[in-house]
Amino acid sequence: RVVVVGSANLDLVVTAPALPRPGETVLGGEFTTVPGGKGANQAVAAARAGGRVSFVGAVGDDDFARPQRDNLVAADVDVSRLRTVPGPSGVALIAVDQHAENLIVVAPGANAALAGLSPEDRAEVARADVLLCQLEIPVETVAEAAATARANGTVVVLNAAPARTLPAAVLSTVDLLVVNEGEAEVLAGRPAEPGDLLDLVPRVVMTLGARGAAYADRDGLRLDVAAPAVTAVDTTAAGDAFTGALAVAWAEGRPVEEAVRWACAAGAVCATRPGASSSLPTRAEIEALS
Ligand code: ADP
């Protein structure tokens, strides 16, 4: 069982022939709404990868909440700990030009209101095998979830995205850190390999895009796992596919190398399809590539 404590957004996406400069208005093309947010995406990724998943998070009391909730339910994610808070939902306003260059403003909305966990939320964390968090909700809430996990034997997997440095109170609770190269550099204060982060946390997985992933732990294990060769179309959400699948493999107690290989396959399948949360692979699709 995997519990995700994290963010949910609705991505409001419009295409445009060219991105506007400050003060400029451009006439765009098609408008779409897509459920997103790293927390919700990774919860859906884990559920599609075959995990039993529950999501602890918040949406607003506006019209943007329903599609987010429906998307989680459609993926079989347990939403009994998804709260509705007064005010707007988290949204990302995204403009994309014909070269796939984008402009994004995220309004955290309800995600910023996820301040503290209820006793029911903490019980959900306590009974899970793996807690999976990211950094799009208040870091104090991540710290509380991780401390609750620690105290109850739930393994803490932290995807330290978006990049930021972390208080010792969070780092000391992490069992497995998942980062890309940019996030690793921010945490280490310089370009870093997985082994360079072992003074912060006991196990590190670093995603390397088309090169796959690298793993290091304090027992001296070092792994380089190549990504399956695929024709990448859109790598949006590949990191979320990777992390969700990794959390499921970890909860199933699979050997490290197998878990990382499986996660790489999930990221690779995701990269072969356009879209974000809609391109997250099923367990059968991951198996077929791993
Ligand atoms: P992020 O978007 O978080 O930086 P990455 O781009 O590193 O994440 O992608 C996450 C994972 O998805 C990679 O570790 C890899 O396994 C897989 N992946 C991403 N891009 C490709 C690609 N072009 N070919 C194969 N696998 C890919």
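As the structure is a computational prediction, the values presented were derived from the model and not from experiment. (Residues numbered from 1 in each chain as written. Predicted model: local features only at pLDDT ≥ 70, side-chain atom pairs only at ≥ 80, totals over all residues. Heavy atoms only, no water.)

How should I be thinking about the pattern of salt bridges in this particular structure?
A pair can form between side chains of opposite charge whenever their charged atoms are brought close. Applying the stated criterion across every chain yields a total of 15 salt bridges. Arg66 is the partner of Asp70 in a salt bridge, and the nearest nitrogen-oxygen pair spans 3.2 Å. On the criterion of helical spacing, the pair formed by Asp70 and Arg66 is a turn pair, its members being four residues apart in helix H2 (residues 65–74). Among the ionic pairs, Arg81 bridges to Asp121, the shortest N-O distance being 2.9 Å. Separated by 40 residues along the polypeptide, Arg81 in the loop between H2 and strand E5 (82–84) and Asp121 in helix H3 (residues 119–127) bring together distant segments of the chain. Overall, the relative accessible area of 22% leaves Arg81 in the partly exposed class. Overall, the relative accessible area of 1% leaves Asp121 in the buried class. (Salt bridge = Lys/Arg side-chain N within 4 Å of Asp/Glu carboxyl O. Helix = DSSP H or I, 4+ residues; strand = E, 2+ residues; numbered from the N terminus. Buried < 20%, exposed > 50% of the residue type's maximum accessible area, 1.4 Å probe, protein only.)

Mind showing me how you'd approach the sheet that holds E5 here?
Two orientations exist for strands paired in a sheet by backbone hydrogen bonds: parallel and antiparallel. The sheet built from nine strands is open, its strands ordered E5-E4-E1-E8-E9-E10-E11-E12-E13 with mixed pairing. The sheet is open, and its two edges are formed by E5 and strand E13 (222–225), each paired on a single side. Each adjacent strand pair in this sheet contributes to an overall mean axis angle of 15°, direction not counted. With four bridges connecting them, strand E1 (residues 2–5) and strand E8 (residues 130–133) associate as parallel partners. Bridge pairing in E8 links Val5 to Cys133. Along the sheet, helix H6 (residues 181–188) contacts strand E9 (155–159), strand E10 (176–180) and strand E11 (203–207); its crossing angle with E10, the most-contacted strand, is approximately 115°. On the sheet, helix H8 (residues 256–271) packs against E11, strand E12 (213–217) and E13 and is oriented at approximately 30° with respect to E13. (Pairing = 2+ DSSP bridges. Axes fitted to C-alpha atoms, helices over the stretch in contact; angles between N-to-C directions. Contact = heavy atoms within 4.5 Å.)

Can you walk me through the sheet that holds strand E2 (residues 9–15) in this structure?
Strand order in this open sheet of four strands is E3-E2-E6-E7, and the pairing throughout is mixed. Taken across any chain shown, the strands that pair with only one partner, and hence form the sheet edges, are strand E3 (31–36) and strand E7 (102–107). Each strand axis lies, on average, 20° off the axis of its neighbour in the sheet, ignoring direction. Against the sheet, H2 contacts E2, E3 and strand E6 (90–96), and its axis sits at roughly 110° relative to E2.

For this particular structure, what's the right way to read the packing of helix H1 (residues 38–48) against helix H7 (residues 238–251)?
Each pair of packed helices gets described by two things: the angle between the helix axes and the distance between those axes. Between H1 and H7, whose axes approach to 7 Å, the crossing angle comes to 55°. Of the possible angle classes, the one that applies to H1 and H7 is oblique. Seen along the crossing, H1 lies across H7 with a hand that is right-handed. Judged by residue contacts, Lys38, Asn41, Gln42, Ala45 and Ala46 of H1 engage Asp240, Ala241, Thr243, Gly244 and Val248 from H7. Tallied by class, the residues present in the contact of H1 with H7 amount to four nonpolar, four polar and two charged. (Parallel < 35°, antiparallel > 145°, perpendicular 65-115°, else oblique. Left-handed = near helix turned anticlockwise from the far one by under 90°. Nonpolar A, V, L, I, M, F, W, Y, C, P; charged D, E, K, R; others polar.)

Can you help me understand the packing of aromatic side chains in this one?
Here a ring pair, both rings aromatic, is described through the centre-centre distance and the interplanar angle of the planes. Counted by the stated rule, this structure contains zero aromatic pairs. Here the basic side chain of Arg254 rests over the ring of Trp262, its NZ or CZ set 4.5 Å away from the ring centre. (Phe/Tyr/Trp six-rings, centres within 6.5 Å; stacked < 30°, edge-to-face > 60°. Lys NZ or Arg CZ within 6 Å of the ring centre and 35° of its normal.)

Please clarify how the layout of surface pockets should be interpreted in this entry.
A probe as big as a water molecule, rolled over the atoms, marks out the empty space that is left. Approximately 180 Å³ is the volume attributed to the second largest pocket. Lining of the second largest pocket is provided by 14 residues; of these, Glu193, Pro194, Leu208, Ala214 and Asp224 occupy positions nearest its centre. Secondary structure elements with two or more residues in the lining of the second largest pocket: E12 and E13. (1 Å grid on protein atoms, 1.4 Å probe; cavity = no way out; pocket = protein on both sides within 12 Å on 5 of 7 lines; lining within 4 Å. Points joined across faces, edges and corners; volume = space filled by probe spheres on them.)

So what exactly am I meant to see when it comes to the site of the ligand here?
Neighbouring residues of the ligand: 17 residues in total, closest Asn180, Thr207, Gly209, Gly212 and Gly267. Measuring from an oxygen atom of the ligand, one finds a side-chain N or O atom of Asn180 at 3.0 Å. Between the ligand and the protein, one listed contact pairs an oxygen atom with a backbone N or O atom of Gly212 at 2.8 Å. Protein coverage of the free-state accessible area of the ligand, which is 550 Å², stands at 81%. Where the shell around the ligand is concerned, the elements lending two or more residues are H7 and H8. Residues of the shell around the ligand, tallied by class, amount to ten nonpolar, seven polar and no charged. (Near = heavy atom within 4 Å. Polar contact = N/O pair within 3.5 Å; in protein donor to acceptor, adjacent residues only side chain to side chain. Areas by Shrake-Rupley, 256 points an atom, 1.4 Å probe, with all protein chains shown as cover.)

What is the right way to look at the state of the cysteines in this model?
The term disulfide refers to a covalent linkage connecting the sulfur atoms of a pair of cysteines. As enumerated under the stated definition, the model contains zero disulfides in all. Free cysteine Cys270: the closest other cysteine sulfur is in Cys264, separated by 13 Å. Judged by relative accessible area, which is 0%, Cys270 ranks as buried. (Disulfide = S-S within 2.5 Å.)

How should I be thinking about the nonpolar core in this particular structure?
Grouped burial of nonpolar side chains is what soluble globular proteins tend to show. Phe55, Leu72 and Leu246 are the most contacted members of the largest nonpolar core, which totals 49 residues. Those residues in contact with Leu246 that lie beyond four places of it in its chain are Leu176, Val178, Val205, Ala259, Val260 and Ala263. Counting residues in each nonpolar core, the second largest holds 39 residues, with Val3, Leu114, Val204 and Met206 among its members. (Core = buried A, V, L, I, M, F, W, Y, C linked by side-chain atoms within 4.5 Å.)

By themselves, these observations are geometric and do not establish any function.
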